[in-house]
Amino acid sequence: MAKVMAVNAGSSSLKFKLYEMPEEKVLCSGNAERIGHEDAIFGIKWNGQEEKNILPILDHAAAVELLVKALIDKGIVKSMDEIVACGHRIVQGGKYFSKSELFNKDTEDKIESLIPLAPLHNKAHLVGFRAFKKILPDSVNVAVFDTAFHQTMSEEDYLFPIPYEYSEKYDCRRYGAHGTSHKYLSQVGLKYCEGIAHPKMIICHIGSGASLTAVKDGKCVATSMGLTPLGGIMMGTRTGDLDPSVMNYLCKCTGKSVEEMYQIFNKKSGFLGVSEVSNDSRDVLKACEEGNKKAIIANRLFVRRIADFIGQYFVRLGGADLIIFSAGIGENSTITREQICDAIAPALGIEIDKKLNASIRGKEALLSTPNSKIKVAVIPTDEEVMIARDTYAYYLKK
Ligand code: AMP
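Calculation notes
Residues numbered from 1 in each chain as written. Predicted model: local features only at pLDDT ≥ 70, side-chain atom pairs only at ≥ 80, totals over all residues. Heavy atoms only, no water. Helix = DSSP H or I, 4+ residues; strand = E, 2+ residues; numbered from the N terminus. Rg over C-alpha atoms; globule rule 2.2 N^0.38 Å. Contact = heavy atoms within 4.5 Å. 1 Å grid on protein atoms, 1.4 Å probe; cavity = no way out; pocket = protein on both sides within 12 Å on 5 of 7 lines; lining within 4 Å. Points joined across faces, edges and corners; volume = space filled by probe spheres on them. Nonpolar A, V, L, I, M, F, W, Y, C, P; charged D, E, K, R; others polar. Phe/Tyr/Trp six-rings, centres within 6.5 Å; stacked < 30°, edge-to-face > 60°. Lys NZ or Arg CZ within 6 Å of the ring centre and 35° of its normal. Near = heavy atom within 4 Å. Polar contact = N/O pair within 3.5 Å; in protein donor to acceptor, adjacent residues only side chain to side chain. Areas by Shrake-Rupley, 256 points an atom, 1.4 Å probe, with all protein chains shown as cover. Salt bridge = Lys/Arg side-chain N within 4 Å of Asp/Glu carboxyl O. Buried < 20%, exposed > 50% of the residue type's maximum accessible area, 1.4 Å probe, protein only. Core = buried A, V, L, I, M, F, W, Y, C linked by side-chain atoms within 4.5 Å.

*Asks:* Explain the overall build of the protein here, please?
*Replies:* A tally of regular secondary structure across the protein gives 15 helices and 14 strands. At 21 Å, the protein has a C-alpha radius of gyration in line with the 21 Å of a compact globule built from 398 residues. Structurally, the protein occupies a C-alpha span of about 60 × 55 × 45 Å along its principal axes. Within the protein, counting contacts between residues at least 6 apart in sequence, those at least 24 apart form 59% of the total.

Laid out in structure tokens, this is it:
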């Protein structure tokens, strides 16, 4: 038995989940939010109990110190030596990483060199990693990349039709994201593909960030996010794919700079921008029920984009055996799932049990009926357990 910590460090947050491996038993989980503020929040759940405190957490190192204190005070560990390994989520692994990797100087340097491709994320991941390394100098540290699962795409799927020189010189190409989630879902989804020699899946990870992936034989063939997580389908605050001239045109119309407009495409668009209600689909759906026209069109845009990508991936895969819904919206929004299925049903011949669909929130279920040409399932995602598994595997090899 070994205790393994899965870490997800953001620019102002630090999420953690401690596992007993190989049983995959969750010993505790929690989050430090608003790091850098006097009124930061530290929350932890363990053994059926929960605690949340508002206090100053000035940097990630302070957050890790709070975590250590909580682990000892609450008797979750007797000493920090019990934590033999830490796995760190890294959003951008670029072209360098097609699997998880031990943290060493080379790994750290490469993650650092990729900061221009994920400025907020990669920088924060390194800060988190260094804070843990200071407190747990002897533990095995592993980098688990969001982009790694998508490295199996072929050139025709990952290249952009820009001058080839730019693709080569600046590594400007599709990398995708949410890869750890898509990989997990593709593995769990296999149970619905028994007897199929080369399973083909279309995986919809739809939360506040959202991406679709086409998977064949357990390998990613195509994914909707692009150079960064801004691409693909519309999201909570992000545009998803746009005609590139929209940037040029709107900068001219508004007098805003490219950087300002880029921030608007990332943070003020999607559900929030179109509905003018909220980035949260729950609020938008409520506004739809109240007849808010902008909310209704925002929701229709969202469903349309997802249906279009499913159609695209159906063609890309040469058919599909399974469609998976996951993440915040995919797991919980029964109405959105129904609307997407209604949009693709006439072309793809799928049929779901609508009554069953309406009762499924946050748990796994097969929604399709035996008549359906493609199986449709809800599978809750679990990125942390994938981080713990890869990290534990490196610990065993040590
Ligand atoms: P995630 O990023 O996967 O944590 O997903 C978060 C998003 O899921 C939220 O912003 C909501 O838009 C959405 N969500 C969560 N629960 C529900 C629900 N019951 N109905 C509709 N949307 C939901």
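*Asks:* I keep staring at empty space enclosed by the protein and nothing clicks. Help me out?
*Replies:* Over the atoms a probe the size of a water molecule is rolled, and this reveals where empty space is left. For the structure shown, the criterion picks out one cavity of 30 Å³ or more. In this structure, the largest cavity encloses a volume near 40 Å³. Contributing to the lining of the largest cavity are Val-91, Gln-92, Leu-117, Ala-118, Tyr-175, Gly-176, Ala-177, Gly-226, Leu-227, Thr-228 and Pro-229. Broken down by class, the residue content of the lining of the largest cavity amounts to seven nonpolar, four polar and no charged.

*Asks:* I would appreciate a short explanation of the environment of Ala-210 in the present structure.
*Replies:* Tracing the backbone through its elements, the reader meets Ala-210 in strand E10 (residues 210–216). Here the alpha-carbon distance between Ala-210 and Lys-74, two residues 136 residues apart in the chain, equals 36 Å. Sequence-distant contacts of Ala-210, that is, excluding residues within four places in its chain, are made with His-178, His-205, Met-225, Ile-233, Met-234 and Met-235.

*Asks:* Just to check I follow, could you spell out the packing of aromatic side chains for this structure?
*Replies:* When we look at a pair of aromatic rings, we describe it by the centre distance and by the angle of the planes. Going through the model one piece at a time under the given rule, you end up with eight aromatic pairs. Measuring from ring centre to ring centre gives 5.9 Å for Tyr-166 and Tyr-170, while their planes differ by 40°; the resulting arrangement is tilted. Of this pair, Tyr-166 and Tyr-170 both sit in helix H5 (residues 164–170), four residues apart, roughly one helical turn. Here the aromatic cluster, defined as three or more aromatic residues joined through ring pairs, consists of Tyr-96, Phe-97 and Phe-145. Positioned over the ring face of Tyr-158 is Arg-173, at 3.7 Å from the centre of the ring. Directly above the aromatic system of Tyr-394 lies the positively charged group of Lys-397, at a separation of 4.4 Å from the ring centroid.

*Asks:* Can you walk me through the site of the ligand in this structure?
*Replies:* The environment of the ligand is formed by Gly-207, Ser-208, Asp-280, Ser-281, Arg-282, Ala-327, Gly-328, Ile-329, Asn-332 and Ser-333. Asp-280 is positioned with one of its side-chain polar atoms (N or O) 3.2 Å from an oxygen atom of the ligand. Between an oxygen atom of the ligand and a main-chain N or O atom of Gly-328, the distance comes to 2.9 Å. Isolated, the ligand exposes 510 Å² of accessible area, and the fraction of that covered by the protein chains is 71%. Looking at the shell around the ligand, the elements with two or more residues in it are helix H10 (281–289) and helix H12 (327–332). In terms of residue count, the dominant contributor to the shell around the ligand is H12 (four residues). For the shell around the ligand, the per-class residue count stands at two nonpolar, six polar and two charged.

*Asks:* How should I be thinking about the pattern of salt bridges in this particular structure?
*Replies:* Where side chains of opposite charge bring their charged atoms close, a pairing between them can arise. Tallying each qualifying case throughout the model produces 22 salt bridges. Of the charged contacts, one joins Lys-69 and Asp-73 as a salt bridge, the two residues approaching to 2.7 Å between their closest N and O atoms. Pair noted here: Lys-69 and Asp-73 are both in helix H1 (residues 60–73), with a separation of four residues, about one helical turn. Assessed through its relative accessible area of 52%, Lys-69 is described here as exposed. For Arg-282, the salt bridge is made with Asp-280, and the minimal N-O distance between the two is 2.8 Å.

*Asks:* Help me out: how do you make sense of the nonpolar core in this one?
*Replies:* In a soluble, globular protein the nonpolar side chains are often hidden away together inside. Residues Ile-206, Leu-212, Ile-310 and Ile-323 are the most contacted members of the largest nonpolar core, which totals 43 residues. Listing elements by their share of this core, those giving two or more residues are strand E9 (200–206), E10, strand E11 (219–223), H10, helix H11 (293–317), strand E12 (322–326), helix H13 (334–348) and strand E14 (375–378). The dominant element in this core, judged by the number of residues it contributes, is H11, at 10 residues. Counting 32 residues, the second largest nonpolar core, distinct from the first, contains Val-4, Tyr-19, Val-84 and Val-142.

Geometry only, nothing functional implied.
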